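Survey of secondary and tertiary structure
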Amino acid sequence: NLSLIYAFDAFGYTAAYLCSLWQPKVIPLIYHNHDLSEQLFSLSSLSGWVQRGERRWVHRANLVVFPSQARALLFQKLTNFNGQLMIVPNFPRKSFLQEHQHFKDLILQRFKNPQILLQGVISVHSSLHELIDSLTLIDDSIELKLIGPILEKEKKLMGDFIVQKN
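I will try to describe carefully the structure that is included in this document. These numbers were taken from a predicted model, which means no experiment stands behind them.

What counts as what
Residues numbered from 1 in each chain as written. Predicted model: local features only at pLDDT ≥ 70, side-chain atom pairs only at ≥ 80, totals over all residues. Heavy atoms only, no water. Helix = DSSP H or I, 4+ residues; strand = E, 2+ residues; numbered from the N terminus. Rg over C-alpha atoms; globule rule 2.2 N^0.38 Å. Buried < 20%, exposed > 50% of the residue type's maximum accessible area, 1.4 Å probe, protein only. Contact = heavy atoms within 4.5 Å. Lys, Arg positive; Asp, Glu negative; His and termini not counted. Charge placed at Lys NZ, Arg CZ, Asp CG, Glu CD. Core = buried A, V, L, I, M, F, W, Y, C linked by side-chain atoms within 4.5 Å. Pairing = 2+ DSSP bridges. Axes fitted to C-alpha atoms, helices over the stretch in contact; angles between N-to-C directions.

1. Side note on the overall build of the chain
- Looking only at helices and strands, the chain features six helices and six strands.
- For the chain, whose C-alpha radius of gyration is 19 Å, the value lies well above the compact-globule estimate of 15 Å for 166 residues.
- For the chain, the spread of C-alpha atoms along the three principal axes comes to 55 × 45 × 25 Å.
- Relative to its full complement of 166 residues, the chain shows a buried share of 28%.
- A separation threshold of at least 6 residues defines the contact pool for the chain, and within that pool the share at least 24 residues apart is 60%.
- A gap of 9 Å separates the mean positions of the 17 positive and 14 negative side-chain charges of the chain.

Rendered as structure tokens:
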């Protein structure tokens, strides 16, 4: 007995929407959108199909949640979405969290093995150029991790940078 579906990404929203077509009763559907790209991914990838489904079917969402107003406005522009929007920032208030009793020791351990993590859509519209430019300013011992979908031209841009650096 579901009373609400909360989809946290385009894959989850698309699956929830398609499943809702076979439900005998209407279940409210909330879509929490963090990653969006102005460019469409290729139809040779699942991401491309999901992205198109998201844009076509998002009008069935009861509410769409974004981490910033800029992303919400871009989403409205890309999808002509006229439904209810809500902005929920990506960060908690410091007053909600207590500092871990061993925080200073933990942070010193993390500085011994520094990493930069970029999670989400990897594109020039999500600060990929700035990331590449900043890599020339950091030590080679810092590990870079990219997690998320990326278009072929952005892969080539990253590959060209690696070749150039070596």
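2. Section: the nonpolar core
- The biggest cluster of nonpolar side chains holds 18 residues, and the ones touching the most others in it are Y13, L29, Y31, V58, V64 and F75.
- Residue contributions to this core peak at four residues, all from helix α1 (residues 10-20).
- Beyond its immediate stretch of four places on either side in the chain, F75 contacts Y31, N33, L36, E54, V58, V64, F66, N80 and F81.
- L118, L131, I132 and M158 belong to the second largest nonpolar core, which has eight residues in total.

3. Concerning the sheet that holds strand β4 (residues 85-87)
- Strand order in this open sheet of four strands is β1-β2-β3-β4, and the pairing throughout is parallel. Two strands close off the open sheet at either side, each with one partner strand: β1 (5-7) and β4. Between one strand axis and the next, the sheet turns by 20 degrees as a mean value, whatever way the strands run.
- Across three bridges, the pairing between strand β2 (residues 29-32) and strand β3 (residues 63-66) is parallel. In the sheet register, Y31 faces β3, and the bridge partner there is V64.
- Relative to the sheet, α1 contacts β1 and β2, its axis offset from that of β2 by approximately 165 degrees.

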